Amino acid sequence: MCETLAKMNNKMNYLLSTVRCVHRCSSVFISQSSTVTRKHFSRGSLPIHKNVNLRKSFLNILPSLYGSSVRFLSQRTDVSSTSAEIQPEKSTETLLSEHDPQSSLELEKWDDSGSSRERHVGDRSEPFFNSLQKCSCPSDVLDLASESAVSIKHFTNCLTMVWRLFKNLSEDQQRYEKQLIFEHPAFVKLCQHLLRDCRRMTRGDLVFSLHAVVSLGVPQNTLLVQTLVRVCQEKLNQLDNRCISVLATTLAGLDKDKNVSALQAGLQLLVEQRVPSIKDIFILQNLMKCMGNDAPVFLKKKLEMAVLKEIDHLTFLNAVRVFLALVAMNYCSVPILNACSKKIQENVHDLPFRQLILILEACNSLQYRNVKLFSVLADYVHSTVYLWDKKQIIHFLSAFEMLGFQPSELMDIFAEKVTKDPEFLNLKELLIVLRVYSRLNYVPRDQKHLFFETLQSCLNKHLPQISNTELLKAVYSLCILGYLPHRALDELLEKDSRDELLLSGDLYKEKKGMMLHRVKTCMELDSPSFTKPAFVLTENFSSLVSLNLRKAQEALIELLGHENMFLQNVQLPYKYHIDFEIRMDSDRKEVLPITATDVHAGSNIQRLALLFVPLSAFCMGTMHPQGKLAMKKRHLNKLGYHVILVLNKKFQEMTNEDAVEFLKGKIYSENAFSEVTVQDNN
């Protein structure tokens, strides 16, 4: 009898609480919908409801959680600085952790006054939590909540479990299941309890519940989300480091409004205080990612120093995550990246395709150049090439091309695949392959002619449907490599004669004009009928040189004795430009004054062209010129010049004496240009 009365009292208390919640929120009574149809994913494909507005659906079923006007906090956010660390949390575990779904998170209860008090709420051994763990889809969890949940701990764990199961579904399943979640009566009940009891929730329950609600797609301007954001602001100083990490993740997915901006400002101040004491690399990398590019530089440096303190405990997974976190923060920390690169190289066989690409893209975004890392990644892809399909290999090549790194063995084996199957590439893939091989200036050693013929055949097949811009890019890439695709060239020139290539409103008109000019130059200079001219008309633009070439000018004067022994800032036909021109006798023993060689322009003299080029003009880690520079060098040779390529950065680092000796060796050497490997400092 007593037991029956107790159950009746519990039900009455629950009914009264619900009525109070409804009254406080000025809501209308929510009529229970008919039984929610549940679909289990094991049955195969799911029917997708089209034209379903989930936001409207949510607002219809939860009028009590959505106000006509949303209350905002002021922009002022107080974060008290305290030297005492937040005590570890001691209550029940939260069943969801975005970071580590298998581990538990112990949480401490805080009341409205800010003081802590322990509260016993059941553990995983009790029937409810055992049943919760057995749920296989969000609808199972909501059914369990409607039948058995009686405490706020039950409701918050149900909500986080809904998100945990929901995020593991496919995109199509998520669209369908989200509709079921929002229409389920128990979800309304969960949200009502969150709104009513959020100020009495543990700090862990609070931030994980906000994260789950936002991740499930509850509109940001609902009273529920705004209230949770406000309560998080009120209890900000009470959050431990892990809760701060989860809250930062949640706020990163919200739009800026007054409440969110105020909480973000307070969170940033709190992170500044806490960073030196955080020793968990995972939390640090998550904060780096969530603070993002908007974080001030001093905070980025604090986060960098905190990671460096724990760098000895870096794991392989942490290394990948830290790489991506630095990208999110747009902060290139070479010491951290070097440590991460070393860990990645040691575990390269554990990297899936997507992470390999992300690492290469991260290096490009951060302008981080580590030849050893790229070599290891390229060797791994080459050694496991049979595991990758065509699209993946092309994606790898494109990523390496962005970095200016030439994976020669991989490019050889891919070229072999292309030559064996002329139908191997569609138009989009063909354009990528042409761009990669032309920029990296690479032609397969043993099958040069066959490779070119195969690419030309593929291009000819796509000519009927290719656009003008794509045609120009394809022909330009082949011309850079020194190959003239005659049929494609004829069509390109026909379009040019009809003014179809350079449209007046085209944003890339200038770039396309440059490409077309280079194509026409290649047609003339790379033609088999072209012969070396007896002499080349040159124009000395100016006696002035740029500041970065002033050192070279002074070194040449000291070496050769006078300014009239060389030309500087020279303009050649075909719009080619060289930094310095030197004329020598046929044996390369003596430098001749410019005036004397002008008189005997037709005599047998040797012309030297000195080009001071940036490091980016070479393939990474080598002095192998990339496509545009290689084309220029080839054309200058056709015009009668011996080309000397000088890496300007290295030259500027030389002493004056060393610079003179360096140029002396290059000018009087029989081999004016030799490939030299550049050592990587990483």
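Chemist: For this particular structure, what's the right way to read the overall build of the chain?
Modeler: Regarding its fold elements, the chain presents 29 helices and six strands. Summing over all exposed atoms, the chain offers an accessible surface of approximately 33,000 Å²; the carbon and sulfur share of this is 51%.

Chemist: What's the story with the environment of Leu-317 in this structure? I'm lost.
Modeler: With respect to the element layout, Leu-317 can be found in helix H14 (residues 316-329). Judged by its relative accessible area of 46%, Leu-317 falls in the partly exposed class. Through-space distance from the C-alpha of Leu-317 to that of Leu-351 is 9.5 Å; in sequence the pair is 34 residues apart.

Chemist: Before we go on, may I ask you to explain the environment of Leu-463 in this structure?
Modeler: In this structure, Leu-463 sits in the loop between helix H21 (448-462) and helix H22 (468-480). Looking at Leu-463, the relative accessible area reads 3%, which means it is buried. Through-space distance from the C-alpha of Leu-463 to that of Glu-491 is 8.6 Å; in sequence the pair is 28 residues apart. When residues no more than four places from it in sequence are discounted, the contact partners of Leu-463 are Leu-471, Arg-487, Ala-488 and Glu-491.

Chemist: Sorry if this is basic, but what is going on with helix H10 (residues 241-252) here?
Modeler: An α-helix turns once every 3.6 residues. As a result, residues three or four positions apart point the same way. Here H10 spans 17 Å end to end across 12 residues, near enough to the 16 Å set by a 1.5 Å rise per residue. The element H10 is extensively covered by neighbouring structure, given that 10 of its 12 residues are classed as buried. Residues of H10 that are buried include every one of Arg-242, Cys-243, Ile-244, Ser-245, Val-246, Leu-247, Ala-248, Thr-249, Thr-250 and Leu-251, and no others. The elements touched by buried residues of H10 are helix H8 (203-216), helix H9 (223-234), helix H11 (258-274) and helix H12 (281-291).

Chemist: Help me out: how do you make sense of the pattern of salt bridges in this one?
Modeler: Between side chains of opposite charge, pairing is possible as soon as their charged atoms come close. Under the counting rule described, the total for this entry stands at 18 salt bridges. Ionic pairing is found between Glu-401 and Arg-439, a salt bridge with its closest N-O pair at 3.4 Å. With Glu-401 in helix H18 (residues 390-403) and Arg-439 in helix H20 (residues 427-439), this residue pair connects regions lying 38 residues apart in the sequence. We classify Glu-401 as buried; its relative accessible area is 7%. Its salt-bridge partner being Asp-526, residue Arg-634 comes within 3.1 Å of it at the nearest N-O pair.

Chemist: Mind showing me how you'd approach the layout of surface pockets here?
Modeler: Rolled over the atoms, a probe sized like a water molecule indicates the empty space that remains. In this model, the largest pocket occupies a volume close to 990 Å³. Lining the largest pocket are 36 residues; nearest its centre among them are Tyr-476, Ile-480, Lys-511, Met-514 and Lys-628. Where the lining of the largest pocket is concerned, the elements lending two or more residues are H20, H22, helix H24 (509-525), strand E3 (577-585), strand E5 (605-613) and helix H27 (627-638). Residues belonging to the lining of the largest pocket are distributed by class as follows: 16 nonpolar, six polar and 14 charged.

Chemist: I'm lost on the side chain of Gln-456 in this one. Help?
Modeler: For Gln-456, the location among the structural elements is in helix H21. By relative accessible area, which is 11% here, Gln-456 ends up buried. Those residues in contact with Gln-456 that sit more than four places away from it in its chain are Tyr-483, Leu-484, Pro-485 and His-486.

Chemist: Could you clarify how one ought to interpret unusual backbone geometry in this entry?
Modeler: For residues other than glycine, phi is negative in most cases, and the peptide bonds are mostly trans. Although it is not a glycine, Asn-569 sits at a positive phi angle of roughly 55°. Here Asn-569 is to be found in strand E2 (residues 567-571).

Chemist: Can you walk me through the state of the cysteines in this structure?
Modeler: Overall, the coordinates contain zero disulfides when judged by the stated rule. Here Cys-135 is not disulfide-linked; the sulfur of Cys-158 is the nearest cysteine sulfur, at 7.4 Å. Among the residues examined, Cys-135 registers a relative accessible area of 12% and is labelled buried.

Chemist: How should I be thinking about the pairing of strand E6 (residues 641-647) in this particular structure?
Modeler: Walk down a regular strand and you will see the side chains alternate between the two sheet faces. Burial analysis of E6 places six of its seven residues in the buried class, which makes it a mostly covered element. Strand direction decides the pairing type here: E5 and E6, joined by seven bridges, are parallel. Note that in E6 the partner of Phe-612 across the bridge is Val-646.

Chemist: Whenever I open this one, the packing of H9 against H11 confuses me. Can you help?
Modeler: As a packed pair, H9 and H11 sit with axes 10 Å apart at the nearest point and diverge in direction by 25°. Accordingly, the angle class assigned to the pair H9 and H11 is roughly parallel. Where H9 crosses over H11, the two elements pack in a sense that is left-handed. The segment H9 lies against H11, with Gln-226, Val-229, Arg-230, Cys-232 and Gln-233 engaging Asn-259, Val-260, Ala-262 and Leu-263. Of the residues that constitute the contact of H9 with H11, the class distribution is five nonpolar, three polar and one charged.

Chemist: Would you mind going over the environment of Asn-460 with me for this structure?
Modeler: With respect to the element layout, Asn-460 can be found in helix H21. According to the relative accessible area criterion, Asn-460 is buried, its value standing at 16%. C-alpha of Asn-460 to C-alpha of His-486: the two residues are 26 residues apart in sequence and 9.8 Å apart in space. Setting aside chain neighbours within four positions, we find Asn-460 in contact with Arg-487 and Ala-488.

Chemist: What's the story with the packing of aromatic side chains in this structure? I'm lost.
Modeler: Geometrically, a pair of aromatic rings is defined through the distance of the ring centres and the angle of the planes. The tally for this structure, following the rule as stated, stands at 19 aromatic pairs. Between the aromatic rings of Phe-323 and Tyr-368, the centroid separation amounts to 6.3 Å while the plane-to-plane angle is 70°, which identifies the pairing as edge-to-face. Here Phe-323, found in helix H14, pairs with Tyr-368, found in the loop between helix H16 (353-366) and helix H17 (371-383); they are 45 residues apart in sequence, far enough to count as distant. For Tyr-368, a relative accessible area of 2% puts it in the buried group. What links up through ring pairs into an aromatic cluster is the set Tyr-437, Tyr-442, Phe-451, Phe-452 and Tyr-483. Over the ring of Tyr-576 we find Arg-518; its NZ or CZ atom is 4.3 Å from the centre of that ring.

Chemist: It is not clear to me how a negative patch on the surface should be interpreted in this structure. Could you clarify?
Modeler: Negative charge collects at one region of the surface, where Glu-558, Glu-657, Asp-658 and Glu-661 lie side by side. It is helix H29 (residues 656-667) that provides the largest number of residues to the negative patch, a total of three residues. One can find Glu-558 in helix H25 (residues 550-560).

Scoring rules and cut-offs
Residues numbered from 1 in each chain as written. Predicted model: local features only at pLDDT ≥ 70, side-chain atom pairs only at ≥ 80, totals over all residues. Heavy atoms only, no water. Helix = DSSP H or I, 4+ residues; strand = E, 2+ residues; numbered from the N terminus. Areas by Shrake-Rupley, 256 points an atom, 1.4 Å probe, with all protein chains shown as cover. Buried < 20%, exposed > 50% of the residue type's maximum accessible area, 1.4 Å probe, protein only. Contact = heavy atoms within 4.5 Å. Expected span 1.5 Å × (residues − 1). Salt bridge = Lys/Arg side-chain N within 4 Å of Asp/Glu carboxyl O. 1 Å grid on protein atoms, 1.4 Å probe; cavity = no way out; pocket = protein on both sides within 12 Å on 5 of 7 lines; lining within 4 Å. Points joined across faces, edges and corners; volume = space filled by probe spheres on them. Nonpolar A, V, L, I, M, F, W, Y, C, P; charged D, E, K, R; others polar. Disulfide = S-S within 2.5 Å. Pairing = 2+ DSSP bridges. Axes fitted to C-alpha atoms, helices over the stretch in contact; angles between N-to-C directions. Parallel < 35°, antiparallel > 145°, perpendicular 65-115°, else oblique. Left-handed = near helix turned anticlockwise from the far one by under 90°. Phe/Tyr/Trp six-rings, centres within 6.5 Å; stacked < 30°, edge-to-face > 60°. Lys NZ or Arg CZ within 6 Å of the ring centre and 35° of its normal. Patch = residues over 30% accessible without salt bridge, like charges linked within 9 Å, V, L, I, M, F, W, Y side chains within 5 Å. Lys, Arg positive; Asp, Glu negative; His and termini not counted. Charge placed at Lys NZ, Arg CZ, Asp CG, Glu CD.

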